[in-house]
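# Structural characterization, general
The chain contents come next:
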2 protein chains.
Amino acid sequence: MPLHYPSSTPTITKTLTTLLLRQSLPPPPPRTLLLLPRLNLRTMSESARPPNEGGRAPKEGGKRKEKSGKEKRGFELKVPKGTKDWEGKDMVIRDKIFSTITDVFKRHGAVTIDTPVFELREVLTGKYGEDSKLIYDLADQGGEICSLRYDLTVPFARWLAMNPSIQNIKRYHIAKVYRRDQPAMTKGRMREFYQCDFDIAGAYDPMLPDAEILRITTEILDSLNLGSYTIKINHRKILDGLFQICGVPIDKIRSISSAVDKLDKATWEDVRKEMIDEKGLDPEVADKIGEYVQKKGGKELLDELKEDKALTSNDSFAEGLEDMRLLFDYLEVFCVMPKLSFDLSLARGLDYYTGIIYEVVTEASAPPAGKSTQSQQAPISDDPDADRSNDDSIGIGSIAAGGRYDELVGMFANNAKGRVPCVGISFGVDRIFSITKARMTGEVRGNEVEVYVMAFGTGLLKERMEVCRILWDAGIKAEFMYKNKPKLPQQFTGAEKNGVPFAVVLGENELKEGKVKIKEMGLSEGHPEKKGVDVSKDDLVAEIRKRLAQKEEGARAASIEGALQGVDLKEKAPEM
Amino acid sequence: MPLHYPSSTPTITKTLTTLLLRQSLPPPPPRTLLLLPRLNLRTMSESARPPNEGGRAPKEGGKRKEKSGKEKRGFELKVPKGTKDWEGKDMVIRDKIFSTITDVFKRHGAVTIDTPVFELREVLTGKYGEDSKLIYDLADQGGEICSLRYDLTVPFARWLAMNPSIQNIKRYHIAKVYRRDQPAMTKGRMREFYQCDFDIAGAYDPMLPDAEILRITTEILDSLNLGSYTIKINHRKILDGLFQICGVPIDKIRSISSAVDKLDKATWEDVRKEMIDEKGLDPEVADKIGEYVQKKGGKELLDELKEDKALTSNDSFAEGLEDMRLLFDYLEVFCVMPKLSFDLSLARGLDYYTGIIYEVVTEASAPPAGKSTQSQQAPISDDPDADRSNDDSIGIGSIAAGGRYDELVGMFANNAKGRVPCVGISFGVDRIFSITKARMTGEVRGNEVEVYVMAFGTGLLKERMEVCRILWDAGIKAEFMYKNKPKLPQQFTGAEKNGVPFAVVLGENELKEGKVKIKEMGLSEGHPEKKGVDVSKDDLVAEIRKRLAQKEEGARAASIEGALQGVDLKEKAPEM
């Protein structure tokens, strides 16, 4: 996967000046702080920002354009470059994605751990190749030197090495990571973004955790309803063996591997040209590679390769092939095979992979036309983890990727017990979010209120409050208008705005009889309950619960119906 | 609330040196990274750490003490000072607390927003008084100057000011905040810790959102089952009026206010002495204050104060009292009054409060004996937010606190529309966690697996995998052992270790008949199902679901029974 990370060069002089300035902190504000004239914080004009700041992308801070210009000192009110506030319906969609993913993880017995946002600088050092320059450092304010985490894998490996009593774990972690990159928000590349990792650590019988990871991947993608997708899979040992067999010099393996990895976006002719002209590979070797790396398929490809003595005589290749055979066997039981594409060109950038590697591509993330040449010419990055969720190939790259890494934890551990083998996957939450949002057809509700409590006439404030209290006591989500005497249409608008399904309407006469009215919102004209139903106040909770359950049942039925339309009835579980 | 934040002084020279060093990044590792001799990362001895590093607290990193001493360069593998990994059962308890709290927020129609972990430095500047020195800055690596957020209130105010179209919102935010303080982990003071904030922004009829915030507080504390608690409440205007009436000079109001706030931990004599001897207050004025600030009570105190013409002739006092009257009226409808203590000594440190202020104290967080003198002698901090969740008075302080702040958003906004009034509360998650953990009696399960699939004899690996797949397809949480031929006792141990409620046991003979065995774990000897029940494989999902539902029902019944033992039947909702 080619990655390009142009990034700004920090200058030491600027750093020093700013640090000196920052030492002089403002004096503590007096108690009467709030009586002082209010600060105007947004007077710095767009053009007055430092020249090394790139153009702003939409949604990035500064939503209000008006400037008062009254104060000379101030700043534009915005979030830092490459970060964003998650809010409103985006937040609801994102939370839904997180809970869908988390449900699947838990279904497989996974637990979560939560590591600090920053790590000791040394923990991150030497893990990310030349992209170490993208690591955010904390200012040295005395004490330890720390940096913001760059991914969730290295902190997990650090945690495992620190806890040798934990010899196996299925852990997931959904959290923000940080890369001091040139943000390209239109491409979805941010400086603060979410990663969602799942890893199985432990020494087990071969390919069993590997198979379960891929099973989990299908469960998640099916639950997220992202459309059709393919899991591309290969094996590091197969690739290494292949390059050995073809005669790639050891010092060229990395760059040739990168070139091969581009076959999903470029033609073989382009890749061949790059290998020969740019990487200096012998044309004969290139052609030999070409024979193999253009192959992709399912189990039949495995059988074909097994017949090829030239390949299987190489130990590395043979070992990789045996792993794949076993894995495919297991994946058949798990009903994952129909989603799989054994792809000999899949290489993946990460150094630390030692076994199977995989990448999930959806139709929604397929390459847009005319993109291939561009990405080919861009410089190749060594970023070992960017692929996993934040590379600039959103729209052309994967939505999830991972592999087996048996040696990473050992980099931290100092004895054999600490060298726990791992296999994992990372889901690109931001990309999944974009695809989900684009595919959404129904309305997303801003909040989850189930009942809006309102009143006719004189306001009946305390009566509304009491009904809310009764509903809250029963665990029902309810709201009322914070107004002594709100008008009825105003209250209906309040309910409609958030798509609240039920209104409870209070009237003085009804209350005297111990009754309240339940009104389902959005009923069509002519519906028998269009005007609402009077129920005894004592039965209110039961009546609301009954109606909520009915409504939920209806929604579930509708969603099953919708889901069934997409079912491929030919996919059938194998018989035992 | 007195707060003491001794903190280390950063030195510029050290900062510069480290920055210069940090510019020279290691070269990208070669492709053969993993074939290199493994780094040994833990060779730096305890004594070799910088002298300005405080003593390590338990649980903070470095769990492994053994050192290889082979390499000269390396570092102790640990998390940064004042941070921790959340893992295992602690993580489960914490997540349970978060979801309990979140459920209540959602019941009241709240939504969440997620702001970046770092903000532009200017956004934080001037908001935290002299504790600005506790703000974590990011290193200046070119571009904007940013700092880690210090709390969740200022980012919320920044967000409101940036989004003037949002004129009202009920928002909650549970997230980490950062304070570069001397950590005192035994006291629960961390550099990275969670805050849990709920705020209602918007211009409404008086005291309605305020009342709902306090109602939410009781719902949360009741759900968390932390034992008995008291919401101490006062009003900034009552306090200001009181000091005016008693004749406190304007420049002494802040320090006198701080002294008065100590009345929960110190005697009146001690506080009086401090006001006169240390703060230079006229003894007569002190005695006048003493008449009032020792008063606490419920509605009857309100009535008593209303009769006092000397007090009600002061505009500020009268306004505060009218707010309180209205609030108490509403809180009666919401059944909150039994939890309330109107406490004229409650002052709270935050400058930005403009209306009611409150603080929740549980019995579990009551002052330990002999603590009062010590906290009185400590220097008073201006930290305006520490009270809300991370002050060093854990065990003696509050578990939640907040108030009305109508002017904070206006500090960011540059027009009237941007000045949104707010009222909010912050829950001290770390303290709630400690209390919950200490009160826990039952076992906490590490994961949520419902069924452990195992086999007799020959392993039946693929058969186990297939049964897992069937269960997963049905949304049932299931696991099997990653071993070709595991022994049965090994598998039972795997299930018991995590408290899995059900085992499905496969045997060749049963499978031939299309049957599998369901075994409920932990049944007592003599139970009719002790040896398990054979069911048809086709009925497995239904049979498991039935048993899970029964078990859940049983647990719910037991928990209701348990909860009822603590119910005070005298507390009754007022009749309308």
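Quantities reported herein were computed from a predicted structural model and do not represent experimental measurements.

## Thoughts on the confidence of the model for chain A
The predicted coordinates ought not to be read in detail in places where the model reports low pLDDT. Residue and element names in this part refer to chain A. Confidence in the prediction of chain A, expressed as mean pLDDT, is 80, and 77% of residues score 70 or more. Low confidence marks residues 1–73, where pLDDT is under 50. Its contacts with residues over four positions away, or in another chain, come to 185 contacts. Contacts of residues 366–396 to residues separated by more than four positions or lying in other chains number 104 contacts, the stretch itself having pLDDT below 50. For this predicted complex, the interface confidence comes out at an ipTM of 0.80, alongside a pTM of 0.80.

## With respect to the packing of aromatic side chains
Taken as a whole, this structure holds 26 aromatic pairs over all chains when the rule is applied. Between F105 of chain A and F198 of chain A, the ring centres sit 4.9 Å apart and the planes meet at 10 degrees, which makes this aromatic pair stacked. Here F105 of chain A, found in helix α2 (residues 88–107), pairs with F198 of chain A, found in strand β5 (residues 192–201); they are 93 residues apart in sequence, far enough to count as distant. The burial state of F105 of chain A is the same as that of F198 of chain A; both residues are buried. Pairing F328 of chain A with F342 of chain A gives two aromatic rings, centres 5.9 Å apart and planes at 90 degrees, and the pair type is edge-to-face. Of the two residues, F328 of chain A is situated in helix α12 (residues 315–333) and F342 of chain A in strand β8 (residues 340–343); the sequence distance between them amounts to 14 residues. Across the pair, F342 of chain A and F328 of chain A agree in class, each one buried. These aromatic residues form a ring-pair network of at least three members: Y204 and F334 of chain A together with W472, F480 and Y482 of chain B. The ring centre of F502 of chain A lies 5.9 Å from the NZ or CZ of K551 of chain A, which sits over that ring. Its guanidinium or amino end placed over the ring of W86 of chain B, R94 of chain B lies 4.9 Å from that ring's centre, counting from NZ or CZ.

## Examining the pattern of salt bridges
Considering all chains together, one arrives at 80 salt bridges over all chains under this definition. The partner of R215 of chain A in a salt bridge is E219 of chain A, and the shortest N-O contact between them spans 2.7 Å. Taken together, the positions of R215 of chain A and E219 of chain A, both in helix α5 (residues 208–224) and four residues apart, correspond to about one turn of that helix. Across the pair, exposure class does not vary: R215 of chain A and E219 of chain A are buried alike. Between R171 of chain B and D199 of chain B there is a salt bridge whose closest N-O contact spans 2.8 Å. One end of the pair, R171 of chain B, is in strand β4 (residues 169–178); the other, D199 of chain B, is in strand β5 (residues 192–201), with 28 residues separating them in the sequence. D199 of chain B carries the same exposure label as R171 of chain B, and that label is buried. Residues joined in a network through salt bridges with shared partners are R94, D95, K176 and E192 of chain A together with D114 of chain B.

Conventions adopted
Residues numbered from 1 in each chain as written. Chains lettered and ligands numbered in written order. Predicted model: local features only at pLDDT ≥ 70, side-chain atom pairs only at ≥ 80, totals over all residues. Heavy atoms only, no water. pLDDT = per-residue confidence, 0-100. Contact = heavy atoms within 4.5 Å. Phe/Tyr/Trp six-rings, centres within 6.5 Å; stacked < 30°, edge-to-face > 60°. Helix = DSSP H or I, 4+ residues; strand = E, 2+ residues; numbered from the N terminus. Buried < 20%, exposed > 50% of the residue type's maximum accessible area, 1.4 Å probe, protein only. Lys NZ or Arg CZ within 6 Å of the ring centre and 35° of its normal. Salt bridge = Lys/Arg side-chain N within 4 Å of Asp/Glu carboxyl O.

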